[in-house]
Amino acid sequence: MRYRVLGGTGIEVSVHCLGTMMFGQIGNPDHDDCVRIIHAALDQGINFVDTADMYSAGESETIVGKALKDRRDDVVLATKVHFQMGEGPNRGGNSRRWIVQEVEASLKRLQTDWIDLYQIHRPDYTTDVEETLSTLTDLVHQGKIRAFGCSTFPADEIVNAYHVAERRGLMRFRTEQPPYSMLAREIERDVLPACRRYGMGVLVWGPLASGFLTGRYRKDQQADLSTGRPSITPHRFDPSLPENAAKLDAVEKLIDVATSVGCTLPELAMAFTVTHPAVTSAIIGPRTMEHLDSILKSATLTLDDATLDRIDEIVPPGTTMYDVGGLRDASVLTKHALRRPVDDR
C-alpha cells in the first residue's frame, strides 16, 4: 500500500480510502460481516476510513465504531455532516446549531473521543460559510476534531471559503472530497487546480462511476434495473438513453485499454484516479469481501503516459459523461424564492 500526506495536515493516509456508505441498511445490513471487511482492509494496509452521519441514518457510523474499537489509534477516521437526519427543521445543513449537535452524535456512534477529518458534505447556501468555518475552528480547539474539509464543493465555493477564513483569522478547509472517475472528469477543469493552489488534500469518490467501471454493465447486454444502484437511479443505467449508450461505448474501449495493460477494468479505474497529482486518495466502497479483494489489487498499479493518452482519447480531460450529482448546486434555478422578487407585503 502506498501512502501520501493529506494536504498540509502532516497526516499520512493510504492511497485507497475505505468508504463505508454500503455498510448498513442501504447495502450490507450484516454488522459482523461489515466489521470483517473493515478489519481485512486495515490488515492489507488501508489506514483511512470515511463514513458520514447520513449513511443508513447513522448505522454506518455505528458499524465503523464497532470495527475500530480496539484499533482506533492506527486509523485516520473521517466522517461528514450536512444532510437531513430525522424529521423536523434544523436537523441538517451547515449551521453552528446543527454541527455542534451532530458532531456529538457522530462521536457517540463512532465510539471515539475525536474525529481526524470532519467534512461538510455539501454546500449550504442558507448558512454563511463564516459561520460554518468558525464552528469547525472551535471544534478543533476543543479537541473534538483534528482537521476539517468539504465535500462536492464547486471551485468558486472552495475559493470563497479560503478567502473568508483568511480574512477572519479562521482555520480553513484542508481537504475536498469530489466525484472523479474516467467517465466523470469535470473537476480537472477547476476543482483540482483550486485544491492544488491552496494545498488541499483530495479524496475522490465514485472512481468506479456507480458501477459502470466494474465491467458489470456492458454494451448489448440486458441490464437488471431492479437491484443495487440501478434500482435507486434507473435513468443512469437505462441503455436506451443516449447518454448511457455513450457510457457503454466508452466502457468497451476502456476494457481494451485495461486488457493491454494486463489488469481489470476496476483496477484501471482506481489507478487512473490516484495518478492525478492533485489527488491524495481514492475512496473504495465495497459491499462484500469479494468487492474489497478485487479493488485492492490496484493499490500498487501505476499507469504510464501512453496508457493515460489512450484514456484521454476515449474520454477527453475535463469531460463528464453523466451527472455525478451535486457537484454544481442547482437550487438557484429550481427554487422560486431564490430567483424571484421578494414580496415585501
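See the structure above.
Worth saying up front: this structure is predicted, and the values here are computed from it rather than measured.

(A) Molecular detail of the pairing of strand β6 (residues 115-120). A large share of β6 lies buried, amounting to six of its six residues. In the sheet, strand β5 (residues 76-81) pairs with β6 via four bridges, with the strands oriented parallel. Within β6, the position partnered with Thr79 by the bridge is Tyr118. Viewed along the sheet, the connection from β5 through helix α3 (residues 96-110) into β6 turns out right-handed. The pairing of β6 with strand β7 (residues 145-151) spans five bridges and is classified as parallel. The partner of Gln119 across the bridge, within β7, is Gly149. Viewed along the sheet, the connection from β6 through helix α4 (residues 129-141) into β7 turns out right-handed.

(B) Region of the structure containing the state of the cysteines. Across all of its chains, the model carries zero disulfides by this definition. For the unlinked cysteine Cys17, the closest cysteine sulfur is that of Cys150, found at 15 Å. Overall, Cys17 belongs to the buried group, its relative accessible area being 0%.

(C) Quick peek at the packing of helix α8 (residues 242-261) against helix α11 (residues 305-314). Close contact between α8 and α11 brings their axes to 10 Å; oriented N to C, the two are set at 170 degrees. By the angle class used here, α8 and α11 are roughly antiparallel. Facing α8, whose interface residues are Ala250, Lys253, Leu254, Asp256, Val257, Ser260 and Val261, α11 presents Thr307, Arg310, Ile311 and Ile314. When grouped by side-chain class, the residues that make up the contact of α8 with α11 number six nonpolar, two polar and three charged.

(D) Here's a closer look at the environment of Ile314. Relative to the helices and strands, Ile314 is located in helix α11. The class for Ile314 is partly exposed, based on a relative accessible area of 21%.

(E) Examining the environment of Arg96 more closely. You can see Arg96 is positioned in helix α3. With 38 residues separating them along the chain, Arg96 and Ser134 place their C-alpha atoms 8.2 Å apart. In this structure, Arg96 is in contact with Glu131, Ser134, Thr135 and Asp138, ignoring residues within four places of it in sequence.

(F) Representation of α3 within the structure. Taking 1.5 Å of rise per residue, 15 residues should cover 21 Å, and α3 covers 21 Å from first to last C-alpha, within 8% of that figure. By the burial criterion, the buried members of α3 are Trp98, Ile99, Glu102, Val103, Ser106, Leu107, Arg109 and Leu110. Down the axis of α3, the smallest arc covering the buried residues is 160 degrees, so these residues share one side. Exposed residues on α3 whose side chains face more than 90 degrees from its buried face are Arg97 and Lys108. The first or second residue beyond α3 is Gln111, which carries a positive phi of 55 degrees.

(G) The pattern of salt bridges, seen in detail. Summed over all chains, the structure comprises 13 salt bridges. With its nearest N and O atoms 2.9 Å apart, the salt bridge here joins Asp43 to Arg71. Highlighted residues: Asp43 in helix α1 (residues 31-43) and Arg71 in the loop between α2 (59-68) and β5, separated in sequence by 28 residues. Under the relative-accessibility criterion, Asp43 is labelled exposed at 57%. Arg71 gets classed as partly exposed once you look at its relative accessible area, which sits at 26%.

Rules and cut-offs
Residues numbered from 1 in each chain as written. Predicted model: local features only at pLDDT ≥ 70, side-chain atom pairs only at ≥ 80, totals over all residues. Heavy atoms only, no water. Buried < 20%, exposed > 50% of the residue type's maximum accessible area, 1.4 Å probe, protein only. Helix = DSSP H or I, 4+ residues; strand = E, 2+ residues; numbered from the N terminus. Pairing = 2+ DSSP bridges. Right-handed = clockwise from strand over helix to strand, strands pointing away. Disulfide = S-S within 2.5 Å. Axes fitted to C-alpha atoms, helices over the stretch in contact; angles between N-to-C directions. Parallel < 35°, antiparallel > 145°, perpendicular 65-115°, else oblique. Contact = heavy atoms within 4.5 Å. Nonpolar A, V, L, I, M, F, W, Y, C, P; charged D, E, K, R; others polar. Expected span 1.5 Å × (residues − 1). Arc of directions from axis to C-beta. Salt bridge = Lys/Arg side-chain N within 4 Å of Asp/Glu carboxyl O.

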